[in-house]
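Architecture at a glance
Residues per chain, in single letters:
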Amino acid sequence: MYVLEEFLCLPAVVAVFVQSQAGIVLNPVERDRISRRRSGDRLGRPSRIFVRGRGFERPYISPPTVQIIRQGAPLAVSMLDPSRTFLWLIDAQGDIRIAPEQDPSYASLYPRRVYLEGSGRPDHGLKHADLAAGASYDRVTRLLRLRPPARIGGELRPETAHDGLLTGRWILNNDSAYNARKTRLDFKSMGQKELRIAFELLRATGTDTSDITVHAFRPD
């Protein structure tokens with residue numbers, strides 16, 4: 001599948017090479033796009049995923065609450081609502097996407113997402129695939145009922161002390177099906193090393209990460 005994608009992208013790659021050899025300066029938007037994608041390549045190729053028994057969660061839709069974090073557009077950590085958990089993802093283009101897991105607007109956006117009591121999943125909650133869909137949700141992915149490609153994902157959760165009170169800090173983890181070998185179509189596992197790279201990419205956007213700690217789960 002990726003071979004076909006690379007073939008389709010070949011003209012663009014050749015064009016960039018010819019332009020560089022001819023001394024043609026790429027426009028800032030194209031140069032920035034290539035830079036972000038190369039940064040994301042530190043995590044390897046993006047992968048589609050498949051999760052059995054969760055077809056009712058479709059369609060995957062990028063929410064209006066999403067923030068796209070990149071160089072020049074850092075995440076304002078101090079402005080995040082500490083009563084919320086946020087989902088984050090590095091998409092196929094190398095951008096970091098983040099949005100609250102729950103929001104009143106999601107009930108109409110994801111009406112079919114109602115889970116069994118005790119599942120631990122919030123009704124009408126955001127999924128990492130919704131964030132990925134904002135960057136790439138091609139016809140092949142839809143036809144095969146897969147989740148859109150992405151590189152890595154997880155949660156950004158408020159940290160609590162032993163007494164249950166908020167500390168004012170945040171925990172960046174890798175709790176997402178996009179990190180598990182059993183769900184990724186490339187059979188890779190995204191653990192501590194990859195989460196650390198994601199943290200470095202977040203910091204490279206200009207985000208103040210001094211109040212963020214990294215905690216990796218062992219992917220299933």
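This structure is a prediction, so every number in the text was calculated from the model and none was measured.

**Focus: the environment of alanine 177**
Mapped onto the elements of the fold, alanine 177 is located in the loop between β6 (166-173) and α6 (192-204). With 24 residues separating them in the primary sequence, alanine 177 and glycine 153 have C-alpha atoms 8.0 Å apart. Not counting chain neighbours up to four residues away, the residues in contact with alanine 177 comprise Ile49, Val51, Thr183 and Arg184.

**Thoughts on empty space enclosed by the protein**
The probe, sized like a water molecule, is rolled over the atoms to show the empty space still left. Applying the stated criterion across every chain yields a total of 1 cavity of 30 Å³ or more. Computed from the structure, the largest cavity encloses a volume of approximately 80 Å³. Elements supplying a minimum of two residues to the lining of the largest cavity: β3 (86-91), β4 (96-100) and α6. A per-class count over the lining of the largest cavity returns 9 nonpolar, no polar and no charged.

**Considerations on the nonpolar core**
Formed by 22 residues in total, the largest nonpolar core has its most connected members in Leu75, Trp88, Ile90, Leu156 and Ile212. Taken together, the elements giving at least two residues each to this core come down to β3, β4, β5 (147-160), β6 and α6. Core analysis: the second largest hydrophobic core is formed by 16 residues, Val51, Leu87, Ala99 and Ala150 among them.

**Structural notes on the pairing of β4**
Across the 5 residues of β4, 5 count as buried, placing the element largely inside the fold. In β4, alternate side chains face the same way, and those of Ile96, Ile98 and Pro100 on one face and Arg97 and Ala99 on the other are all buried. Where β3 lies against β4, 5 bridges are found, and the strand directions are antiparallel. Each bridged residue has a counterpart across the sheet, and for leucine 89 the counterpart in β4 is arginine 97. Turn length for the β3-β4 hairpin, with the two strands adjacent in sequence and antiparallel, is 4 residues, and the turn residue glycine 94 shows positive phi of about 95°.

**Some details on α6**
Because the α-helix completes a turn every 3.6 residues, residues three or four places apart line up on one side. Over its 13 residues, α6 runs 18 Å from end to end, which matches the ideal 18 Å to within 8%, given 1.5 Å per residue. For α6, the set of buried residues is Glu194, Leu195, Ile197, Ala198, Phe199, Leu201 and Leu202. Once α6 ends, the next one or two residues include glycine 206, with phi positive near 100°.

**Focus on the confidence of the model for the protein**
In this model, the protein carries a mean pLDDT of 87, and residues with pLDDT of at least 70 account for 84%. pLDDT under 50 marks residues 1-21. Its contacts with residues more than four places away, or in other chains, come to 16 contacts.

**Regarding a nonpolar patch on the surface**
Nonpolar side chains collect at one region of the surface, where Val140, Leu143 and Leu144 lie side by side and expose about 280 Å² of accessible area between them. In this fold, valine 140 is placed in helix α5 (residues 139-143). A relative accessible area of 36% places valine 140 in the partly exposed class.

Rules used throughout
Residues numbered from 1 in each chain as written. Predicted model: local features only at pLDDT ≥ 70, side-chain atom pairs only at ≥ 80, totals over all residues. Heavy atoms only, no water. Helix = DSSP H or I, 4+ residues; strand = E, 2+ residues; numbered from the N terminus. Contact = heavy atoms within 4.5 Å. 1 Å grid on protein atoms, 1.4 Å probe; cavity = no way out; pocket = protein on both sides within 12 Å on 5 of 7 lines; lining within 4 Å. Points joined across faces, edges and corners; volume = space filled by probe spheres on them. Nonpolar A, V, L, I, M, F, W, Y, C, P; charged D, E, K, R; others polar. Core = buried A, V, L, I, M, F, W, Y, C linked by side-chain atoms within 4.5 Å. Buried < 20%, exposed > 50% of the residue type's maximum accessible area, 1.4 Å probe, protein only. Pairing = 2+ DSSP bridges. Expected span 1.5 Å × (residues − 1). pLDDT = per-residue confidence, 0-100. Patch = residues over 30% accessible without salt bridge, like charges linked within 9 Å, V, L, I, M, F, W, Y side chains within 5 Å. Areas by Shrake-Rupley, 256 points an atom, 1.4 Å probe, with all protein chains shown as cover. Salt bridge = Lys/Arg side-chain N within 4 Å of Asp/Glu carboxyl O.

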